Each structure stands twice: as structure tokens, then as C-alpha cells.
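Notes for the structure review
Residue strings, one per chain:
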Amino acid sequence: MKASEAPEDDDLVRRARKGEELAFSQLVERYQRAAYSVAYSVTGSREDAEDAAQESFLVALQRLDECRNPERFAGWLMTIVRNRSRNLVRRETLRETDQLPSAARSKVPTPDRVAETAELREMLEKALAGLPEVQRQIVLLHDVEGWKHREIAEALELPSGTVRSHLHFARKSLREALGNMPGAPDQERKIQ
Amino acid sequence: MRDEFDLAGRTDEMGRDMELADVLRRLAPEHADPNYWMRFREWVVREAAGELARRRLVAHLTVSDVMSSWARALLPTAALAAALAGIILMRGPEDHLQQMVSVEELLVSDLEGETIPATLGPDTSGPAITFASEIF
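Residues numbered from 1 in each chain as written. Chains lettered and ligands numbered in written order. Predicted model: local features only at pLDDT ≥ 70, side-chain atom pairs only at ≥ 80, totals over all residues.

1. So, the overall build of chain A
The following threshold applies: Numbering of helices and strands runs from the N terminus; a helix is a DSSP stretch of H or I covering at least four residues, while a strand is a stretch of E covering at least two. Residues are called buried when their C-beta atom has 20 or more other C-beta atoms within 10 Å, exposed when it has 12 or fewer, and partly exposed otherwise; all C-beta atoms are positioned from the backbone. Note that contacts rest on C-beta atoms placed from the backbone: two residues are in contact if these are within 7 Å.
Within chain A, the regular secondary structure consists of 10 helices and zero strands. Burial analysis of chain A (192 residues in total) assigns 40% to the buried set. Taking the intrachain contacts of chain A between residues at least 6 apart in sequence as the baseline, contacts between residues at least 24 apart amount to 66%.

2. Some words on the overall build of chain B
Along its length, chain B carries four helices and zero strands. The secondary structure elements of chain B, listed N-terminal to C-terminal, are α-α-α-α. For chain B, the residues scored as buried account for 10% of the 136 residues in total.

3. Quick word on the environment of A:Ala16
Residue and element names in this part refer to chain A. Summarising the element assignment, Ala-16 is placed in helix H1 (residues 9–17). Note on Ala-16: 27 C-beta atoms within 10 Å, which makes it buried. For the pair Ala-16 and Leu-27, spaced 11 residues apart in the sequence, the C-alpha separation amounts to 8.7 Å. Here Ala-16 is in contact with Ala-23, Phe-24, Leu-27, Leu-61 and Leu-64, once residues within four sequence places are set aside.

4. Notes on the interface of chain B and chain A
One frequently used descriptor of interface size is the decrease in accessible area upon assembly of the parts. So the rule is basically this: Residue type decides the class: Asp, Glu, Lys and Arg count as charged, Ala, Val, Leu, Ile, Met, Phe, Trp, Tyr, Cys and Pro as nonpolar, and the leftover types, Gly among them, as polar.
Tallying the contact residues gives 32 residues for chain B and 39 residues for chain A. Looking at the side of chain B that touches chain A, the elements with two or more residues in it are helix H1 (18–24), helix H2 (36–47) and helix H3 (49–60) of chain B. Looking at the side of chain B that touches chain A element by element, the count peaks at seven residues for H2(B). Grouping the amino acids of the side of chain B that touches chain A by side-chain chemistry returns 19 nonpolar, no polar and 13 charged.

5. Examining helix H3 (residues 46–62) of chain A
For clarity, the threshold we go by: Here a helix's expected span is defined as the number of its residues, less one, multiplied by 1.5 Å.
Counted at 1.5 Å a residue, the expected span for H3(A) with its 17 residues is 24 Å, and the 25 Å between its end C-alpha atoms agrees. Residues of H3(A) that are buried: A:Ala49, A:Glu50, A:Ala52, A:Ala53, A:Gln54, A:Glu55, A:Ser56, A:Phe57, A:Ala60 and A:Leu61.

6. A look at the packing of helix H2 (residues 21–43) of chain A against H3(A)
Residues and elements named next belong to chain A. Worth spelling out the cut-off: The axes used here are C-alpha line fits, helices contributing only the stretch in contact, and every angle between their N-to-C directions lies in the interval 0 to 180 degrees. Any angle from 65 to 115 degrees is called roughly perpendicular, while one under 35 is roughly parallel, one over 145 is roughly antiparallel, and all others are oblique. By definition, turning the near helix anticlockwise from the far helix through less than a right angle yields a left-handed crossing, and turning it clockwise yields a right-handed one.
Contact geometry for H2 and H3: axes closest at 8 Å, N-to-C directions at 135 degrees. Taken together, the axes of H2 and H3 lie oblique to each other. Crossing of H2 over H3 shows right-handed handedness. Side by side, H2 and H3 meet where Phe-24, Val-28, Gln-32, Ala-35, Tyr-36, Ala-39, Tyr-40 and Thr-43 of the first sit next to Arg-46, Asp-48, Ala-49, Glu-50, Ala-52, Ala-53, Ser-56, Phe-57 and Leu-61 of the second. Residue composition of the contact of H2 with H3, grouped by class: 11 nonpolar, three polar and three charged.

7. Side note on unusual backbone geometry
Residue and element names in this part refer to chain A. Look at Glu-157: it is not a glycine, yet its phi comes out positive at around 55 degrees. Within the secondary structure layout, Glu-157 lies in the loop between helix H8 (149–156) and helix H9 (160–177). Under the C-beta neighbour-count criterion, Glu-157 is labelled exposed, with 9 such atoms within 10 Å.

8. Structural notes on the nonpolar core
Quick reminder of the rule: Each nonpolar core consists of buried Ala, Val, Leu, Ile, Met, Phe, Trp, Tyr and Cys residues. Their C-beta atoms, within 7 Å, join them into a set.
With 57 residues, the main nonpolar core has A:Ala35, A:Ala39, A:Leu77, A:Met78, A:Val81 and B:Leu24 as its most contacted residues. With 11 residues, H2(A) is the largest single contributor of residues to this core. When residues no more than four places from it in sequence are discounted, the contact partners of A:Leu77 are A:Tyr31, A:Ala35, A:Ser56 and A:Ala60.

9. Side note on the confidence of the model for chain B
Residue and element names in this part refer to chain B. The test is simple: A score from 0 to 100, pLDDT tells how confident the predictor is in each residue.
The predicted model of chain B has a mean per-residue pLDDT of 73, with 55% of residues at 70 or higher. Averaged over each element, pLDDT in chain B is lowest for helix H4 (residues 63–109) (74) and highest for H2 (96). When the criterion is pLDDT under 50, residues 1–9 qualifies, and its contacts beyond four places in sequence or with other chains add up to eight contacts.

10. Remarks on H3(B)
The terminal C-alpha atoms of H3(B), which comprises 12 residues, lie 16 Å apart, in line with the 16 Å expected from a rise of 1.5 Å per residue. Counting buried positions along H3(B) gives one out of 12 residues, so the element sits mostly on the surface.

11. Brief notes about the confidence of the model for chain A
Residue and element names in this part refer to chain A. For chain A, mean pLDDT is 83; residues scoring 70 or higher make up 79% of the total. Across residues 100–108, confidence stays below pLDDT 50; counting only partners more than four residues off in sequence or on other chains, it has two contacts. Long-range and interchain partners of residues 186–192, a stretch whose pLDDT sits below 50, account for eight contacts in this model, where long-range means more than four residues apart.

Okay, structure coming up:
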């Protein structure tokens, strides 16, 4: 999560409360990936995840005085991210209902989307989409972002044992779903 | 059929499933755009500039700043009130009576003629008017 010599979260939060830009920037740098992962777990869309994560940092700054335990800033922030992401999904669902069916909407591909192998990304996204939201959050925070069980448990307000259990089932489901994917973990193992 | 999921040999020292992590990282924004997180942070910090500035302003306000801001509005008002009170006190009660007299004078000064008929006045000059019936 953070280097040991780096300032603690509570220190950064207190400084950010006083308007110190560097402290706020460090908080963003520290948690931007986790915020994005959680937002992506909820929205299932990279564009929406980016919007929700960025907005969440701005909301967090506005409400920073309400963060009663600055040493637990991460969990507090992730709650904001989840709520913002769910609101975004709700709004988009309403918009889609009012406007066009999702299949009829044409999305302009971003440069990175063009560069990626579409099939690979789609399979990954599909595999993740097959998981419950909480399992998506846990597997991304743990295996990609490197959060510890205890940190995830605090952030998601779950018992540590539940986090471990969700992680186990998430990995299992992902491996099964990614089984036929080129470059998937077990596929490479079989080739070897 | 795939082998049963097995953590042994696939995790790092933190217990992360490195193989899955490698695959999932392909979904991460920086996979296609190495500067993604820098731009992400810059956007957030730029958008937060107003709120940060507001917080700096509030944080720099000390007790003396608050008092002096009060004083700026309060002192001239208090000084004016004190001056008015002083003037009133210095003029004293006599001036107050004189003022009342002068007000009475002012009330009658512009009236034409006598306010009380001369015949009924207490010190009418000239010959006294007497009535026969009053002389015994």
C-alpha cells in the first residue's frame, strides 16, 4: 500500500485538511489505483470507473472534516468510491432506459482500446463481470494492487476471514473463466 | 477438465496470485498508457485547487485575525457611540431645560398677534376698564 518511510495517512489527511496541495496529491497517488479498481468492480466500465474514482477524490476532499479516523482514510475513501460508482451505474441505467438500448449505442474507441487485443480484453472483462461485486473488489485490491487481507477487510468493512474466502472463490472462478484464454495462467502452464 | 485451483507455487511473499495478477493487469489503464496515473492525479489536483485554497484560507485564520476582523467593524461604531454619549453627558441638565424653553419660544415666535387677548392679560397697560357693577 505505502512505503514505510512515507508519511502516514493520518498525517496526510491533517495536512490536506489545511489545504496543503502536496499532501492531497500524495493521498491521490497512494489510493488512485485502488479507487479505480473498486470503481471498476462496481461499474464494469473503464470510463465510468475513471469518472467515479476522480469524483470520489474531490468529494473526499470536500468532506475531509467528516473523516473521523484519519488513520483509516483508505476505508473511508473506498466507501465514497463505492457509493459514487453505484450512483453512476444507477444514473446510466436510467439514461439508457430513457434513451437508446445499450446495444445501439456506438462507443468511440479510445487509443488504448484500439491498441489492445479486443478479444483478450473482452474475455477478461467478461470473466470479472461474472464475479460478484465484492469478489471483484477483493481480487483486484489483493492480487493487482497488493493490499493485505486486513486492509481490505477494513476498507470493505468485512471480517478478515470473509475476505480470504471471497478471494479464494474469486480466484477459482477467474481461473475457470479464463481457462481458454491465450496467455491465461493455466494455459501457459499446460503449454510448458 | 482443468486442474483444481491450487495456490501453491503461484503466490508471492504477500500471498498474491501473481499469475492472475499479470493477466488482470492487462485491464489496468497504465497497461496501454504509462502516463495514465500521472494525468489522473493532475486532473484531480487541478480540480481540487479551489477547495484547497479555501481550506488554506480558513486554516491561516488565527484568533487574532478573527478579532481584528471584528474590530474593523466594531471599533468605528463603538467610537461614534462613545462620542455621542460624551456630547450628551457634557451638555448637562441645564442645557436641557434651556432647550425646552427655547422650544416654547420657537413655538410662538412666528405667530402673528398676541397669543393671549390683551384684555385678559395680567399686566395690561393703559386705563383700567371697570364695570359699574363692580364699584360699590
